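These are the residues of each chain, in order.
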Amino acid sequence: MIEILNPADLPRAKDAGALVAGILQTLKSRSTVGTNLQDIDRWAWAMIIEAGAQSCYVDYEPSFGRGPFGHYICTSVNDAVLHGLPHDYTLANGDLLTLDLAVSKGGVVADSAISFVVGDSKPPESVAMISATERALRAGIAAAGPGARIGDISHAIGAVLSEAGYPINTQFGGHGVGSTMHQDPHVPNTGRPGRGYRLRPGLLLALEPWVMADTAELVTDADGWTLRSATGCRTAHSEHTIAITNDGAEVLTLPKQAQP
C-alpha cells in the first residue's frame, strides 16, 4: 500500500517527527559508558507514553522476526546493524551504538535512526562509516522531490556508499510510512535513476542508508530479531522520515539543533 497524506495531515506528521527526533537526542545524551540497553528501552517507553504516542515496535510481528518484538526501540551495538533487540548489555567505551525508533502520534508514523560512538574512544573506521551513512542520507534527501522516482533516491544513496568503499545489501532499506510503519514503496540503498515509483506530494518516506564495514551478508542472532554482519565487522545506520512537498523533500525527524 502506498499512502498519500492530505496537506492538512502534514502538521501531525511534523509533530510525530519532532517527537522521534527529540527522544533520540535525549537517549543519545544518556547513552554513556555503563548504560544498559534495557535502561535505554525503558527511557524510550517512558517518553513515548508521556507524549501520548504509541510505539510501532512493541507489538510488531513481521515474517522476518520471531514473535512480537516486545520492546520500544532497536538498540544495535557494533556488529549488530538492524532490529537490535534490547537486552542485558552494558555499553563500553568505544562501542558503536545505533538507536532506531518509530512512533505513531496523532495517527501518523515517524521513523528515524542514529549511529554514534559511546564514550571518549572514537575509532576512525567507525567515525568514517557513520559519516558515510549520514552523507548518503543527505544525498538521498536531495534527490527526492515531486516528479523524481524511487530509483533516483536509491542511486544517490548508493553512489555515496559505493564511493566510500562499502558493500551494499538490498534486503532491507527505506520504505513508505503513514498511518502504519512499513508501507510501499521499498527504497533500496542502491538503484538505477529514472526507475520506480514517481514521487508525489503527500508521500512520506523513511530513508535509511546502512552499511557493514566489509560484507553485504547478514546473519540473524539467536534472539530471532537482531541482524548482524556475517563477518562480525562493525556497522552503521542513519535514517530520517521525509515528506514530499511541492517544493521538494522536508525532513520531519531533524533534531532541533540541526534545523536551519
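Coordinates for the structure precede this section.
Residues numbered from 1 in each chain as written. Predicted model: local features only at pLDDT ≥ 70, side-chain atom pairs only at ≥ 80, totals over all residues. Heavy atoms only, no water.

**Regarding helix α2 (residues 37-50)**
Piece 1. In this model α2 runs 20 Å from its N-terminal to its C-terminal C-alpha over 14 residues, within 8% of the 20 Å that 1.5 Å per residue would give.
Piece 2. The N-cap residue of α2 is Asn-36: its side-chain oxygen and the backbone nitrogen of Gln-38 are 2.8 Å apart.
Piece 3. A positive backbone phi angle near 70° is found at Gly-52, which sits one or two residues after α2. (Helix = DSSP H or I, 4+ residues; strand = E, 2+ residues; numbered from the N terminus. Expected span 1.5 Å × (residues − 1). Polar contact = N/O pair within 3.5 Å; in protein donor to acceptor, adjacent residues only side chain to side chain.)

**Points about the pairing of strand β5 (residues 108-117)**
Piece 1. Within β5, ten of the ten residues are buried, which leaves the element mostly enclosed by the surrounding structure.
Piece 2. Alternating positions in β5 separate into two faces, Val-108, Ala-110, Ser-112, Ile-114 and Phe-116 on one and Val-109, Asp-111, Ala-113, Ser-115 and Val-117 on the other, with burial throughout.
Piece 3. Note that strand β4 (residues 96-105) and β5 share ten bridges and pair antiparallel. Across the sheet, residue Leu-101 finds its bridge partner in β5, namely Ser-112. (Buried < 20%, exposed > 50% of the residue type's maximum accessible area, 1.4 Å probe, protein only. Pairing = 2+ DSSP bridges.)

**Re empty space enclosed by the protein**
It is the rolling of a water-molecule-sized probe over the atoms that shows where space remains empty.
Piece 1. With the rule as written, the count across this model stands at one cavity of 30 Å³ or more.
Piece 2. Estimates place the volume of the largest cavity at around 30 Å³.
Piece 3. Considering the residues around the largest cavity, the lining is formed by Ala-21, Leu-24, Gln-25, Ser-112, Ile-114, His-240, Thr-253 and Pro-255.
Piece 4. Mapped by element, the contributors of at least two residues to the lining of the largest cavity are α1 (10-30) and β5.
Piece 5. When residues of the lining of the largest cavity are assigned to their parent elements, the largest contribution, three residues, is made by α1. (1 Å grid on protein atoms, 1.4 Å probe; cavity = no way out; pocket = protein on both sides within 12 Å on 5 of 7 lines; lining within 4 Å. Points joined across faces, edges and corners; volume = space filled by probe spheres on them.)

**Looking at the packing of helix α3 (residues 124-142) against helix α4 (residues 150-163)**
Piece 1. Between α3 and α4, whose axes approach to 8 Å, the crossing angle comes to 155°. Compared by their axis directions, α3 and α4 come out roughly antiparallel. In this structure, α3 crosses over α4, and the sense of that crossing is right-handed. Residue-level inspection shows Ala-132, Thr-133, Arg-135, Ala-136, Ala-139 and Gly-140 of α3 in contact with α4, the latter providing Ile-153, Ala-156, Ile-157, Val-160 and Leu-161.
Piece 2. For the contact of α3 with α4, the per-class residue count stands at eight nonpolar, two polar and one charged. (Axes fitted to C-alpha atoms, helices over the stretch in contact; angles between N-to-C directions. Parallel < 35°, antiparallel > 145°, perpendicular 65-115°, else oblique. Left-handed = near helix turned anticlockwise from the far one by under 90°. Contact = heavy atoms within 4.5 Å. Nonpolar A, V, L, I, M, F, W, Y, C, P; charged D, E, K, R; others polar.)

**A word on the pairing of strand β8 (residues 204-207)**
Piece 1. Side chains of β8 alternate between two faces, with Leu-204 and Ala-206 and Leu-205 and Leu-207 buried alike.
Piece 2. In terms of strand pairing, strand β6 (residues 174-177) meets β8 through three bridges, oriented antiparallel. Its bridge partner lying in β8, His-175 is registered against Ala-206.
Piece 3. In this sheet, strand β13 (residues 240-245) lies alongside β8 in antiparallel orientation, the contact comprising four bridges. Residue Leu-204 lies in a different strand from β13, and its bridge partner there is Ala-243.

**Overview of the sheet that holds strand β10 (residues 218-220)**
Backbone hydrogen bonds hold the strands of a sheet together, and the pairing may be parallel or antiparallel.
Piece 1. Across the sheet, which stays open at both edges, the three strands sit in the order β3-β11-β10 with antiparallel pairing between neighbours. Every interior strand has two partners, whereas the edge strands, β3 (80-82) and β10, have only one. The mean inter-strand angle of the sheet, taken between neighbouring strand axes irrespective of direction, is 45°.
Piece 2. In this sheet, strand β11 (residues 227-229) lies alongside β10 in antiparallel orientation, the contact comprising three bridges.

**Observations concerning α4**
Piece 1. Under the 1.5 Å per step criterion, the end-to-end length of α4 is 20 Å for 14 residues, consistent within 8% with the ideal 20 Å.
Piece 2. Buried residues of α4: Ile-150, Gly-151, Ile-153, Ser-154, Ala-156, Ile-157, Gly-158, Val-160 and Leu-161, and no others.
Piece 3. Turning to α4, the residues buried within the fold contact α3, β7 (183-187), β8 and β9 (210-212).
Piece 4. Looking one or two residues past α4, Gly-165 carries a phi angle of roughly 95°, positive in sign.

**Focus: the nonpolar core**
Piece 1. If you look at the biggest cluster of nonpolar residues, it comprises 26 residues, and the most contacted ones within it are Ile-153, Leu-199, Leu-205, Leu-207 and Ile-242.
Piece 2. Elements with a minimum of two residues in this core: α3, α4, β8 and β13.
Piece 3. Per-element accounting of this core gives the leading share, six residues, to α3.
Piece 4. In contact with Leu-199, other than residues within four places in its own chain, are Ala-144, Gly-145, Pro-146, Gly-147, Ala-148, Arg-149, Ile-150, Ile-153, Leu-205 and Ile-244.
Piece 5. Ranked by size, the runner-up nonpolar core spans 23 residues in total, among them Leu-24, Val-77, Leu-97 and Phe-116. (Core = buried A, V, L, I, M, F, W, Y, C linked by side-chain atoms within 4.5 Å.)

**Quick word on the pattern of salt bridges**
Piece 1. Summed over all chains, the structure comprises five salt bridges.
Piece 2. Close ionic contact of Asp-9 with Arg-12 constitutes a salt bridge, the shortest N to O distance being 2.5 Å.
Piece 3. A salt bridge links Glu-250 to Lys-14; the shortest N-O distance between them is 3.3 Å. Placement of Glu-250 in strand β14 (residues 248-251) and of Lys-14 in helix α1 is noted, with a sequence separation of 236 residues between them.
Piece 4. Since its relative accessible area comes to 28%, Glu-250 is described here as partly exposed.
Piece 5. You can call Lys-14 partly exposed: its relative accessible area is 36%.
Piece 6. Residues joined by salt bridges that share partners form a network here, namely Asp-79, Asp-221 and Arg-228. (Salt bridge = Lys/Arg side-chain N within 4 Å of Asp/Glu carboxyl O.)

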